[in-house]
Amino acid sequence: MKEITKEEQRDVQLGLMSYIDKVCREQDIEYYISAGTLLGSVKYKGYIPWDDDIDMMLTRPNYERLMEALMQSLPKHFTLLYYKNHTAYLPFAKLYDNRTYFVSELDTLNKGTGLFIDIFPLDSLPEDKVEGEHFKKKVRTAVTKLVSSAPSGLSYASSEKRIYFFAKSLLWLPYHLRYKGRSRVLAERVDVLMQKYNDEEHKFCNFVWSPPKKTAYFDKGIFTEYEDIDFEYLKLKKIKNHDVYLSELYGDWRNPPKKRAVRNHSYYRWYWKDKND
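Since the model is a prediction, treat every value here as computed from it, not as a measurement.

Draft legend 1. Seen up close, the pairing of strand β12 (residues 269-272). Where strand β1 (residues 2-3) meets β12, two bridges bridge the pair, whose relative direction is antiparallel. Note that in β12 the partner of E3 across the bridge is Y271. Bridge analysis of strand β6 (residues 100-103) against β12 gives four bridges, and the strand direction is antiparallel. In the strand pairing of β12, T100 is matched with W272.

Draft legend 2. Examining the side chain of D118 more closely. Tracing the backbone shows D118 in strand β7 (residues 116-125). A relative accessible area of 6% places D118 in the buried class. Of the polar contacts made by the side chain of D118, one reaches the side chain of K94; its length is 2.7 Å. Leaving out residues up to four positions away in the same chain, D118 has contacts with D53, I54, D55, M56, F92, A93 and K94.

Draft legend 3. Region of the structure containing the environment of T144. With respect to the helices, strands and loops of the structure, T144 is situated in helix α4 (residues 129-148). For the pair T144 and E105, spaced 39 residues apart in sequence, the C-alpha to C-alpha distance is 20 Å. Apart from the residues within four sequence positions on either side, T144 is in contact with W172 and Y175. Only 2.9 Å separates the side chain of T144 from the backbone oxygen of R140, close enough to count as a polar contact.

Draft legend 4. Representation of the packing of helix α2 (residues 35-44) against helix α8 (residues 242-250) in the model. Relative to each other, α2 and α8 sit at 125°, their axes nearing to 11 Å. Classified by the angle between their axes, α2 and α8 sit oblique to one another. The element α2 and its partner α8 pack so that their crossing is left-handed. Residues A35, G36, L38, L39 and V42 of α2 pack against H242, Y245, L246, L249 and Y250 of α8. A class-by-class count of the residues in the contact of α2 with α8 yields eight nonpolar, two polar and no charged.

Rules of the game
Residues numbered from 1 in each chain as written. Predicted model: local features only at pLDDT ≥ 70, side-chain atom pairs only at ≥ 80, totals over all residues. Heavy atoms only, no water. Pairing = 2+ DSSP bridges. Helix = DSSP H or I, 4+ residues; strand = E, 2+ residues; numbered from the N terminus. Buried < 20%, exposed > 50% of the residue type's maximum accessible area, 1.4 Å probe, protein only. Polar contact = N/O pair within 3.5 Å; in protein donor to acceptor, adjacent residues only side chain to side chain. Contact = heavy atoms within 4.5 Å. Axes fitted to C-alpha atoms, helices over the stretch in contact; angles between N-to-C directions. Parallel < 35°, antiparallel > 145°, perpendicular 65-115°, else oblique. Left-handed = near helix turned anticlockwise from the far one by under 90°. Nonpolar A, V, L, I, M, F, W, Y, C, P; charged D, E, K, R; others polar.

What follows is the structure in structure tokens.
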């Protein structure tokens, strides 16, 4: 059991991202790096110094096309964590390196999986913000049921902080007792619910599993133009109008964040699997 260094961790993630980028370019699938990954690419041409993951987003049609492509063919050391081909307890996909695994006291929801890339779908939101917040609340409740369906121990209470872990272990226990073992049907329900407004003409969109009033209603127009940007030794895709996105997400994104706003996955420790595992 050999612990993975920070440099190795980033190399593995960049390998995953390089593969996704290759598939997307070959199949004309539009994607963009998002959240802290986008911020890092703009400010540092790579990772934010305190960051330790890579995030990407796609409009729902492009997301579905990417999922189909990744389900059809992958290098043997990559695995897609997506509810249609794998037991999944979250409403987005992950591509992970199955030569690696993590150990965590607080988060065991995806125990057995490895270093990953988060892949998020963009779905429509209504113009009426009251209706939008009601919709997001329904999504959060549906996802709580999905997470609570995890059958193993207290994995349904997985969190990034100990106080959240203890709170969820109590508050979500009734959901766990009712829904454990039903992840497949619950994941499909969540996926359908998240797309509720996609067949209608709406101006706004985002990843709709989000905290109340804290995640923006982005104008769909900013996700229609893309360009290349350097990220470490890769050239990845980003939206052209990144300032609108980053300003809405982080406020004054050009200045360093306050300490309480810095988040990462320090509650994980990463290891290489033994070759005979």
